[in-house]
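Descriptive analysis of the structure
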Amino acid sequence: MNNSEYIVDSKKAAKYNKWIIVLSVVIPIAVAVLFGVKIPNVEPLWFLPPIYASINAITAVVLVLAFLAIKKKNVKKHELLIKVAMTLSVIFLVLYVAYHMTSDSTKFGGEGAIKYVYYFILFTHIVLSIVVIPFVLITYVRGITNDIARHRKIAKITFPLWLYVAVTGVLVYALISPYYTF
């Protein structure tokens, strides 16, 4: 099928655009607010960081598999894998917030060059995890509304951003994990 054979559902896309804006604003604000909320009289969920780091790792693998599927023109497999990656990202976010609502933040204890590497990775991870939200949502909507030409164009930006966020999430965990105290 070439691009001219796709019928873009503009009305459906317009409806989704409102949700993209809302979610792109609400998710980072909600995470920031909830990050500062501590649930009283609840034991820290100390077991969550390796779980949500693993989810990030799996997300990275799923994203690469989705990329390979679309390169092989396997659209159905690509769609399924992207839905899996989005679901994993939501699960990560829920677990991440749950951990931080029950536990104090861990201070990085490394010194020297590794300290600067860690904070660079952490900073870029946080910033890009916010930036990637509208990119993922726009890319997804363009795919499900058959706006394939524009989907491909933005996917070239979304894929590396999302992959970077997933991989650096694992790196942040790996670098901070020696400093967890339970």
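Quick note: structure is the one above.
The rules behind the values
- Residues numbered from 1 in each chain as written.
- Predicted model: local features only at pLDDT ≥ 70, side-chain atom pairs only at ≥ 80, totals over all residues.
- Heavy atoms only, no water.
- Phe/Tyr/Trp six-rings, centres within 6.5 Å; stacked < 30°, edge-to-face > 60°.
- Helix = DSSP H or I, 4+ residues; strand = E, 2+ residues; numbered from the N terminus.
- Buried < 20%, exposed > 50% of the residue type's maximum accessible area, 1.4 Å probe, protein only.
- Lys NZ or Arg CZ within 6 Å of the ring centre and 35° of its normal.
- Contact = heavy atoms within 4.5 Å.
- Core = buried A, V, L, I, M, F, W, Y, C linked by side-chain atoms within 4.5 Å.
- Polar contact = N/O pair within 3.5 Å; in protein donor to acceptor, adjacent residues only side chain to side chain.
- Patch = residues over 30% accessible without salt bridge, like charges linked within 9 Å, V, L, I, M, F, W, Y side chains within 5 Å.
- Areas by Shrake-Rupley, 256 points an atom, 1.4 Å probe, with all protein chains shown as cover.
- Salt bridge = Lys/Arg side-chain N within 4 Å of Asp/Glu carboxyl O.
- Lys, Arg positive; Asp, Glu negative; His and termini not counted.
- Charge placed at Lys NZ, Arg CZ, Asp CG, Glu CD.

Ring pairs (aromatic) are described by centroid distance and by the angle formed between their planes. Taken as a whole and assessed by the stated rule, the structure comprises 13 aromatic pairs. Relative to F159, the ring of F67 has its centre 4.9 Å away and its plane inclined at 10°; by these criteria the two rings are stacked. Note that F67 is positioned in helix α2 (residues 48-71) and F159 in helix α5 (residues 148-176), a separation of 92 residues in sequence. Seen in terms of ring centroids, F108 and Y118 are 4.1 Å apart; in terms of plane orientation they differ by 5°. Their pairing is stacked. Of this pair, F108 sits in the loop between α3 (75-102) and α4 (113-144) while Y118 sits in helix α4; the two residues are 10 residues apart in sequence, bridging distant segments of the chain. In this structure, F108 and Y118 share a single accessibility class: buried. Aromatic ring contacts, followed pair by pair, group F35, Y52, F92, Y96, Y99, Y173 and Y180 into a single cluster. The ring of Y16 has K15 lying over it, and the distance from NZ or CZ to the ring centre is 5.3 Å.

This next bit is on the environment of P49. Topologically, P49 is positioned in helix α2. Judged by relative accessible area, which is 0%, P49 ranks as buried. Once the C-alpha coordinates of P49 and S103 are considered, the two residues, 54 residues apart in sequence, prove to be 11 Å apart. Each residue touching P49, except ones within four places of it in the same chain, is listed here: Y99, Y173 and Y180.

Counting 34 residues, the largest nonpolar core has Y52, L63, I82, M86, V132 and W162 as the members making the most contacts within it. Secondary structure elements with two or more residues in this core: α1 (10-35), α2, α3, α4 and α5. In this view, M86 contacts V136, L137, Y140 and W162; residues no more than four positions away in its chain are not counted.

Attention now moves to the side chain of S24. In this structure, S24 sits in helix α1. A distance of 2.7 Å separates the side chain of S24 from the backbone oxygen of I20, its partner in a polar contact. Residues contacting S24, with those up to four places away along its chain left out, are I133, P134 and L137.

Where like charges cluster on the molecular surface, the positive patch consists of K71, K73, R152 and K156. Relative to the assigned elements, R152 resides in helix α5. By relative accessible area, which is 43% here, R152 ends up partly exposed.

Attention now moves to a nonpolar patch on the surface. Together, W19, I21, V22, L23, V25, V26, I29, V33, L34 and V37 make up a nonpolar patch on the protein surface, roughly 870 Å² of accessible area in all. Residue position: V33 is located in helix α1. We classify V33 as exposed; its relative accessible area is 52%.

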